[in-house]
There are 2 protein chains.
Amino acid sequence: MKIEEHIKNLFIAPDKSNLNIIEETIALFVTQMLDYLSNANSSAPLPLFRKLPSEEFSIPAQGMDISAIQSKLNTLYQNSMNPANSRYLGHMDSIPTVYSILGEMIASAINNNMLSLEMSPYLTQLEHHLIQQFTQLFELSPETSGGIIVSGGSLANLQALVVARNQALNVKDTGLCFNAQIPVIFTSEASHASVVKSAMIMGIGINNVTKIKCNHKYQMDLEDLQDKIKFHLAKGHVPIAIVATAGTTVTGSIDSLPEIAEIAQKNQIWLHVDAIYGGALIFLPEHKQRLKGIEFADSISFNPQKWLYVAKTCSMLLFKNYPAMVDNFRISAPYMKEQTDFINLGEITIQGSRNAEVLKLWLSLLSIGTDGYRQLINHGYNLSHKFTRLVAKLAFIELITEPETNVICFRIKAEDTNQQEQLNIALQEYLLKHGVFVSVPRFNGQIWLRMVLLNPFTDENIIEELCRYLQTFYDECDT
Amino acid sequence: MKIEEHIKNLFIAPDKSNLNIIEETIALFVTQMLDYLSNANSSAPLPLFRKLPSEEFSIPAQGMDISAIQSKLNTLYQNSMNPANSRYLGHMDSIPTVYSILGEMIASAINNNMLSLEMSPYLTQLEHHLIQQFTQLFELSPETSGGIIVSGGSLANLQALVVARNQALNVKDTGLCFNAQIPVIFTSEASHASVVKSAMIMGIGINNVTKIKCNHKYQMDLEDLQDKIKFHLAKGHVPIAIVATAGTTVTGSIDSLPEIAEIAQKNQIWLHVDAIYGGALIFLPEHKQRLKGIEFADSISFNPQKWLYVAKTCSMLLFKNYPAMVDNFRISAPYMKEQTDFINLGEITIQGSRNAEVLKLWLSLLSIGTDGYRQLINHGYNLSHKFTRLVAKLAFIELITEPETNVICFRIKAEDTNQQEQLNIALQEYLLKHGVFVSVPRFNGQIWLRMVLLNPFTDENIIEELCRYLQTFYDECDT
């Protein structure tokens, strides 16, 4: 059995023999993609959900031709979330930079492997040097700091906590059994679900995540933190880490980092800052001081895949003491060529084989520059201010709290909780019917409408339009 | 501060206003990429390692123009691993399908999020239905089986073991502390490093992975497995899982799955089959029986990113009892819209936000079809047979074992171990100088040369040429 020619033409031949065919194929799919994306405002920001028959997704015996595949992709485009629409305001999933798309295309085409230096000679160096610059942007010590890139923020938080646990309890080799001291992780009620998930995965258990109350700005309550640390220490428990958040998922709040850092230091507890969302403020001189205190963190997670407009996934994990992280985490793989200058990244990451997500980040940074990022991030702040100014005039609307970043939660006020819930769900549907998508998270048991003002094509007119819709919805309800 | 026009033009405007600029940008980078890849045979399969100055990777304040970025990319191309070269035989990293490249491009462009159904209405359905078909290809029970896609095989193995642990010890909530029974994972000496890494991450500890001896074919020794299970049970330890391998990293060996399944069942131990490499044999009627017994597994990990030619990362994890997995793993996130028909995938995966790696797999399957995959996978077997036939005539060469898949380890025989090591390292360098890349893993303390015969453009001539190089190297050494 030989490989038929038409199957071979589904790969880029290394001898130029099928270049024309490949060029044509790629051009057709680029055209189709741009047809859809450059008209993103003509499709809904979120299409009506359509349950498709399972046959739609059947694996064929014989390969299909281009037009049949393009027709499948049309169904995909028509039924996908559409964050490129400038009225898509619902989640932290932004329109990606065009260099994200190119970076992902190139990374998959050359298919290098971040597992080892041999398998990604350039890209391992790139990841190393780029991460070093981010440690400096976060003002970590230039002598000892370092980090890695991982596929998503949950993985970053998990690895930070595994390293903290191994350091606190010295259980890399022995595991947690027979450890008679209960390990505890402290984090606020507003922190990300991945903290609890990490505790479950790493054998700490869901119950041993101690949730700290929030103040009215949805920041970790410092008194409650101190009380709970005291309580657990008195019981003989072992604190593994305090997880502070810079940019919570629902309200974009930033914990009081300098104070938390002091508490962590006083009690000698590992401080992890989940700056997955808010870390982008390193590029905003106007607001960078909101991250003050982050330089005392033992570890920081930050997602370029959110406010840096890099396509998913692209997340980084930085450590104040990189050599200690390597000691506490490294698992060597004997089948990899040993390295001296650059550690094989597969040995110090949860993932082993990994594609070069660093490339889409780097190309975005090269093309946008830190000045461009400053403009983009500022834009979200401007829109937030615009909205809060306008909404202040709508007496029937309440904000969950004054927004600290570009994430805003609001809703229509009502006396009755049930009525309020129905009313606000109806409002979200009303807005969606008018082409504006905001999300409806349940937070502390209550429904809110949530906007993340990320999209560079969302302008002040859209914010004004949104406020008009709020008014008309309210008027219609009233009558 | 406004966003300048040239920064906005680094995004696809949703109103068609910059379509020409975007088209031009993409075309330039596609041309550059194809210039390199369609000439992959003109560059070395692995370039000489070049340590680049850190300034090469500086983040600029002002965005750079296209030509400056393209010049950076030229340095990337010239210094990257080149698996598209048809004499690249060294690792399990193949030339990717062109639809992998397109799939990754489209997935990043639409930037949907596998976290929840709302954020990936089509792609969540696609992942669900595609995974169901794979459970059937592996002959798992159609009633209860199901699975997920994750970013790499290490994550797949980790989640399988976390679920097995939670089921065996019921520690999802409480964690492992105070658990007075030592948990044990059984796996062969030839299994992947991610098994040990998983044990470390999940709090089981490196020491509690019990390595089972291998037989001469590098399969798990069944007697040793039974002895060690008996030993640990007698000590009151709790077996968490047996991890069998279908396609080991170094020799491509497949463990005796029916016998191991019987042992697992008799002792009521979770059976995880790491079929990350060998799972591709489901598409090869000629050799599918080598996977016999896999249908008894409680969980199976399989990587389309290897022998299915899908660009990294793309890995799947299948469970015999999907509802039980959900019970044992799920962590809900209150900020996601609740779903009934399709579980939000972020709640049942280690990663939360995740890009649609399923798309590059699906487009590859649509274009190649199961018949095309049969041709591709067969090709590797044919080349393996060709090599073993030819090398049988070279008395100075030994094989580590008769290859069971398309992974072959060989070396020049020598009396003295030190001399043998030097000789074979010199042989690898000699081959690389002649444009052929094989890898040099250290396995059981010894150096071997390893080939993975994946590339569809590697033909019999290249295998013959390689054998001639072996002869000329040996002749030169002899004189």
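Residues numbered from 1 in each chain as written. Chains lettered and ligands numbered in written order. Predicted model: local features only at pLDDT ≥ 70, side-chain atom pairs only at ≥ 80, totals over all residues. Heavy atoms only, no water.

Student: Residues and numbers for the overall build of chain A, please.
Tutor: Counting secondary structure elements, chain A contains 13 helices and 12 strands. Against the 2.2 N^0.38 benchmark of 23 Å for 479 residues, chain A shows a C-alpha radius of gyration of 24 Å, consistent with a compact globule. If one aligns the C-alpha atoms of chain A with their principal axes, the spans along those axes are about 75 × 70 × 45 Å. Buried residues in chain A amount to 68% of all 479 residues. (Helix = DSSP H or I, 4+ residues; strand = E, 2+ residues; numbered from the N terminus. Rg over C-alpha atoms; globule rule 2.2 N^0.38 Å. Buried < 20%, exposed > 50% of the residue type's maximum accessible area, 1.4 Å probe, protein only.)

Student: So, helix α2 (residues 19-37) of chain A: which residues are in play, and what are the values?
Tutor: When the terminal C-alpha atoms of α2 of chain A are compared, their 27 Å separation across 19 residues agrees well with the 27 Å that a helix rising 1.5 Å per residue should span. Those residues of α2 of chain A that fall on the buried side of the exposure criterion are Leu19, Ile22, Thr25, Ile26, Phe29, Val30, Gln32, Met33, Leu34, Tyr36 and Leu37 of chain A. Contacts made by the buried residues of α2 of chain A are with α3 (66-78) and α4 (98-110) of chain A together with α2 (19-37) and α4 (98-110) of chain B. (Expected span 1.5 Å × (residues − 1). Contact = heavy atoms within 4.5 Å.)

Student: I'd like a description of unusual backbone geometry, backed by residues and values.
Tutor: Cis rather than trans, the peptide bond between Lys312 of chain A and Thr313 of chain A has omega equal to -15°. In this structure, Tyr309 of chain A is a non-glycine residue whose phi angle is positive, near 65°. Turning to its location among the elements, Tyr309 of chain A is positioned in the loop between β6 (299-302) and β7 (315-319). Positive phi values are uncommon outside glycine, yet Glu139 of chain B reaches one of about 65°. Exposure remark for Glu139 of chain B: the relative accessible area of 49% places this residue in the partly exposed category.

Student: Before we move on, could you go through the relation of the copies chain A and chain B and cite the residues and values that matter?
Tutor: In the superposition of chain A on chain B (RMSD 0.0 Å, axial shift 0.0 Å), the rotation amounts to 180°. What we have between these two chains is a two-fold relation. Among all residues of chain A, the minimum C-alpha distance to the rotation axis is found for Met202 of chain A, at 1.9 Å. Counting the interface residues of chain A, we find that 100% of their copies in chain B are interface residues as well, pointing to one common contact surface. (Least-squares fit on C-alpha atoms with pLDDT ≥ 70 in both.)

Student: How would you explain the side chain of Ser315 of chain A if you had to name every residue and give the values?
Tutor: Residues and elements named next belong to chain A. Within the secondary structure layout, Ser315 lies in strand β7. Engagement of the side chain of Ser315 in a polar contact is seen with the backbone oxygen of Gly152, the distance being 3.4 Å. At a separation of 2.5 Å, a polar atom in the side chain of Ser315 contacts the side chain of Asn303. Discounting residues that sit within four places of it in the chain, Ser315 has contacts with Ile148, Ile149, Val150, Gly152, Gly153, Ala156, Phe302, Asn303, Pro304 and Gln305. (Polar contact = N/O pair within 3.5 Å; in protein donor to acceptor, adjacent residues only side chain to side chain.)

Student: Lay out the packing of aromatic side chains with the relevant residues and their values.
Tutor: All names here are of chain B. By the definition in use, this model includes 37 aromatic pairs over all chains. Ring plane angle 45° and centroid distance 5.3 Å describe the contact between Tyr88 and Phe437, whose orientation is recorded as tilted. With Tyr88 in the loop between α3 (66-78) and α4 and Phe437 in the loop between α12 (417-433) and β10 (442-443), the pair connects residues that are 349 residues apart, well separated along the chain. Across this residue pair, the class does not change: Tyr88 and Phe437 are buried. Ring geometry for Tyr277 against Trp307: centres 5.1 Å apart, planes inclined by 15°, an arrangement best described as stacked. (Phe/Tyr/Trp six-rings, centres within 6.5 Å; stacked < 30°, edge-to-face > 60°.)

Student: For the packing of helix α6 (residues 153-169) of chain B against helix α7 (residues 193-201) of chain B, give the residues involved together with the corresponding values.
Tutor: Two quantities define a packed helix pair, namely the angle between the helix axes and the distance between the axes. Residues and elements named next belong to chain B. Between α6 and α7, the least distance of the axes is 9 Å, while the angle of their chain directions is 50°. One element, α6, and the other, α7, form an angle in the oblique class. With respect to the hand of their crossing, α6 and α7 are arranged in right-handed fashion. Two secondary-structure elements touch here, α6 through Ser154, Asn157, Leu158 and Leu161 and α7 through Ser194, Val195, Ser198 and Ile201. Its residues placed into classes, the contact of α6 with α7 shows four nonpolar, four polar and no charged. (Axes fitted to C-alpha atoms, helices over the stretch in contact; angles between N-to-C directions. Parallel < 35°, antiparallel > 145°, perpendicular 65-115°, else oblique. Left-handed = near helix turned anticlockwise from the far one by under 90°. Nonpolar A, V, L, I, M, F, W, Y, C, P; charged D, E, K, R; others polar.)

Student: Explain the sheet that holds strand β1 (residues 146-150) of chain A residue by residue, including any values.
Tutor: All names here are of chain A. Spatial strand order, β1-β7-β6-β5-β4-β2-β3: seven strands in an open sheet with mixed pairing. At either margin of the open sheet sits one strand with a lone partner, and together these are β1 and β3 (209-212). Strand-to-strand twist in this sheet, taken as the mean axis angle between neighbours without regard to direction, amounts to 20°. Direction of pairing for β6 relative to β7: antiparallel, over a ladder of four bridges. Note on β7: the bridge partner recorded for Ser299 is Phe319. (Pairing = 2+ DSSP bridges.)

Student: I'd like to hear about the sheet that holds strand β9 (residues 407-412) of chain B, residue by residue, with values.
Tutor: All names here are of chain B. Strand order in the open sheet formed by three strands is β8-β9-β12, and the pairing between neighbours is antiparallel. Looking at which strands have only one partner, the edges of the open sheet turn out to be β8 (397-399) and β12 (449-452). Taking the axes of each pair of neighbouring strands and ignoring which way they run, one obtains an average angle of 30° across the sheet. The pairing of β9 with β12 spans four bridges and is classified as antiparallel. Along β12, the bridge assignment pairs Cys409 with Arg450. Sitting on the sheet, helix α11 (residues 358-391) touches β8, β9 and β12, and the angle it makes with β8 is about 135°.

Student: How would you summarise helix α8 (residues 222-234) of chain B if you had to cite specific residues and measurements?
Tutor: Residues and elements named next belong to chain B. The end-to-end C-alpha distance of α8, which contains 13 residues, comes to 18 Å, matching closely the 18 Å that a straight helix rising 1.5 Å per residue would cover. Buried within α8 are the following residues: Asp224, Leu225, Ile229 and His232. Mapping the buried residues of α8 onto a view down its axis gives an arc of 135°, with all of them on the same face. Exposed side of α8, more than 90 degrees from the buried face: Glu223, Lys230 and Ala234 are the residues found there. Residues of α8 that are buried in the fold lie against β2 (183-188), β3 (209-212), β4 (238-245) and α9 (257-266). One or two residues past the end of α8 sits Gly236, with phi positive at roughly 85°. (Arc of directions from axis to C-beta.)

Student: Break down the interface of chain A and chain B for me, citing the residues and quoting the values.
Tutor: Across the boundary between the two partners, chain A contributes 170 residues, which contact 170 residues of chain B. When chain A packs against chain B, close to 15700 Å² is buried across both sides, 68% of that on carbon and sulfur atoms. Counting every contact that joins chain A to chain B gives zero salt bridges. Counting across the chain A and chain B interface gives 66 residue pairs in polar contact (both at pLDDT 80 or more). Among the elements that make up the side of chain A that touches chain B, the one with the highest residue count is helix α11 (residues 358-391) of chain A (17 residues). For the side of chain A that touches chain B, the class distribution of residues is 91 nonpolar, 53 polar and 26 charged. (Buried area = accessible area lost by both parts, 1.4 Å probe. Salt bridge = Lys/Arg side-chain N within 4 Å of Asp/Glu carboxyl O.)

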